[in-house]
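Per-entry structural report
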Amino acid sequence: MTPTPQPRHPRPGTPASASAGGEERTTTLGDLERRAAAGRQERAYGADALIACDRLVRIFSGDGVEVQALQGLDLLVHQGELTALVGASGSGKSTLLNILAGLDTPSAGSASVAGHDLLAMDARTRLHYRRKVVGFIWQRTARNLLPYLTAAQNVALPMKLSAGAGRAGTGGGRPGTGGGRPGAGGLRRGRVRAGRALELLDLLGMADHAGQRPAQLSGGQQQRVAIAVALANDPSVVLADEPTGELDTATAAEVFAALRRANRELGTTILVVTHDAAVSAQVNRTVSIRDGRTSTETLRTVAPDEEGGAATVGREYTTIDRSGRLQLPPEFTTPLAIRDRVLLELRPDHIQVRPGERTRPEETKAPGAATESGPEPGPGPEPGPGAGTEPGAGAEAGAEGGGGGGAGAKDAPGRREEEPG
Ligand SMILES: Nc1ncnc2c1ncn2[C@@H]1O[C@H](COP(=O)(O)OP(=O)(O)OP(=O)(O)O)[C@@H](O)[C@H]1O
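Thresholds applied
- Residues numbered from 1 in each chain as written.
- Predicted model: local features only at pLDDT ≥ 70, side-chain atom pairs only at ≥ 80, totals over all residues.
- Heavy atoms only, no water.
- Helix = DSSP H or I, 4+ residues; strand = E, 2+ residues; numbered from the N terminus.
- Buried < 20%, exposed > 50% of the residue type's maximum accessible area, 1.4 Å probe, protein only.
- Contact = heavy atoms within 4.5 Å.
- Areas by Shrake-Rupley, 256 points an atom, 1.4 Å probe, with all protein chains shown as cover.
- Near = heavy atom within 4 Å.
- Polar contact = N/O pair within 3.5 Å; in protein donor to acceptor, adjacent residues only side chain to side chain.
- Core = buried A, V, L, I, M, F, W, Y, C linked by side-chain atoms within 4.5 Å.
- Pairing = 2+ DSSP bridges.
- Axes fitted to C-alpha atoms, helices over the stretch in contact; angles between N-to-C directions.
- Salt bridge = Lys/Arg side-chain N within 4 Å of Asp/Glu carboxyl O.
- Phe/Tyr/Trp six-rings, centres within 6.5 Å; stacked < 30°, edge-to-face > 60°.
- Lys NZ or Arg CZ within 6 Å of the ring centre and 35° of its normal.

Going by an unreviewed UniProt entry, the chain carries the name ATP-binding cassette domain-containing protein and comes from Streptomyces tubbatahanensis.

Okay, structure coming up:
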């Protein structure tokens, strides 16, 4: 088919016309919008995400044993999100965080953070990445801070280290020491660093403790200083591995409130691993990992409640991976005795999942041989409206929007959580 000639430079918003075969053809604003939308869809997976993991694999091997900690994990996190990462022990959360922190490298797949390809970094780029692009908060408070420095000095240290690295080789002195005796420029830079350290401590409610050493601070206070340390170089992402794991409930809530403040006021993207349901309930997005893959996502929004107030409504979605696979949860498959196969039916706005017919080994031997019909219905005629919601009729996967990051809706009784806003 010969394409219709188009004007070379149609002005957006202005209908452009062309004559083809005597027929007047007009490029409307709608045409342009459709073309732009098609162009957007063609963009690479995760092109607009700050963190993009695509079929990420991490295999640990040793003593003849191989452990697949990540088994093709897909994850997109966008700029400014505060996301909780949950999952059973051993599901792969720390492995993922270590890769994103630049401390470990994946076995296969791809991962990028703020445009940095984590599989293609040399030692020098990796050091820059760990100093400037990501901030990290560990579970063990003692691991986050140097005991002989005050809170303010701990926060200023990453700034000093990256300034030292930036000047290395240009007579700036040994990284980490700030060089020899500071000149006027060095003193000014030192004052700027001290000023920023105080601002960050103030944001996290720790300004009054700026001159104290870690041993003089409680566990919660130390973690709030650790957040300031992680934020010191204005990173693109802060990664936190169980930052409240060693704290009591009330202190954990304070520390998490500080993390939320940093996310809200500085716009820093934060990914936090937690086992604490109270903590994960306070974020808009919780991603659950099962067996080295993302399995579900809970998205929370604030909506008006029946009394005219506001309530946080959480809805759990099942994640669909890049190949279109999704994991059906056992609490859906067990009551319907769904095991090895299902029947999928496409409806205008959803996909219906029905238990498949069970076959016996002898039935598969002779195609067309007489079969005893089992209790499960075959595809059969089109059921009436609502048939899919009857007990035993199968699960339904709706195509309703609202799920971020390629999640399919799994909206069912018991899957919604509502809390006071
Ligand atoms: N360095 C390693 N060598 C061998 N196996 C490892 C290594 N690190 C992790 N694993 C294994 O990989 C799997 C995932 O571990 P990972 O620490 O990522 O899980 P997790 O979800 O963070 O668990 P937890 O919540 O207990 O910290 C586990 O089976 C673990 O034993």
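Helix and strand counts for the chain come out as 10 helices and 18 strands. Relative to its 421 residues, the chain shows a buried fraction of 40%. Nonlocal contacts in the chain, meaning residues at least 24 apart in sequence, comprise 63% of its contacts between residues at least 6 apart. Total accessible area on the chain is roughly 23500 Å²; 51% of this is exposed by carbon and sulfur atoms.

The environment of the ligand is formed by Phe60, Val67, Ala69, Ala88, Ser89, Gly90, Ser91, Gly92, Lys93, Ser94, Thr95 and His275. At 3.1 Å, a backbone N or O of Ser91 approaches an oxygen atom of the ligand. The side chain of Thr95 places a nitrogen or oxygen atom 2.5 Å from an oxygen atom of the ligand. Elements supplying a minimum of two residues to the shell around the ligand: strand S4 (65–77) and helix H2 (93–100).

Another point: the nonpolar core. Ranked by internal contacts, the top residues of the largest apolar core, which has 37 residues, are Ile137, Val155, Leu201, Val225, Ile227, Leu259 and Val272. Elements that contribute at least two residues to this core include exactly strand S5 (82–86), helix H5 (151–167), helix H6 (184–203), helix H7 (219–231), strand S9 (237–241), helix H8 (249–266) and strand S10 (269–273). Those residues in contact with Val272 that sit more than four places away from it in its chain are Leu82, Thr83, Ala84, Leu85, Ala240, Pro243, Phe256 and Leu259. In this structure, Leu73, Leu96, Val113 and Ile289 belong to the second largest nonpolar core, which totals 29 residues.

Quick look at the side chain of Thr268 now. Structurally, Thr268 is set in the loop between H8 and S10. The residues touching Thr268, leaving out its near neighbours within four places in the chain, are Glu81, Leu231, Pro235, Ser236, Val238, Ala262 and Asn263.

Attention shifts here to the sheet that holds strand S6 (residues 108–113). The four strands are arranged S4-S3-S6-S7 in an open sheet whose pairing can be described as antiparallel. Edge strands, defined here as strands with exactly one partner in the open sheet, are S4 and strand S7 (116–117). Relative to strand S3 (residues 51–62), H2 is tilted by about 115°, and along the sheet it contacts S3, S4 and S6.

We now examine the pattern of salt bridges. What the rule picks out here adds up to nine salt bridges. Where Arg55 meets Asp54, a salt bridge forms, and the shortest distance between an N and an O atom there is 3.1 Å. On the accessibility criterion, Arg55 (40% relative accessible area) is partly exposed. Two residues, Glu254 and Arg224, come together in a salt bridge whose shortest N-O distance is 3.7 Å. Of the two residues, Glu254 is situated in helix H8 and Arg224 in helix H7; the sequence distance between them amounts to 30 residues. Residue Glu254 is classed as partly exposed on the basis of its relative accessible area, which comes to 44%.

Quick look at unusual backbone geometry now. With a phi angle near 50°, Ala114 is a residue other than glycine that sits in the positive phi range. Structurally, Ala114 can be placed in the loop between S6 and S7. Phi is positive for Asp291, close to 50°, though the residue is something other than glycine. Relative to the helices and strands, Asp291 resides in the loop between strand S11 (285–290) and strand S12 (293–304).

On to the packing of aromatic side chains, then. Counted according to the given criterion, the structure contains one aromatic pair. Pairing Phe136 with Trp138 gives two aromatic rings, centres 4.2 Å apart and planes at 40°, and the pair type is tilted. Each member of the pair, Phe136 as well as Trp138, carries the same accessibility label: buried. In this structure, Arg143 is placed above the aromatic ring of Trp138, and the distance from its NZ or CZ to the ring centre is 3.4 Å. Just above the ring of Tyr45 sits the side chain of Arg322; from NZ or CZ to the centre is 3.9 Å.

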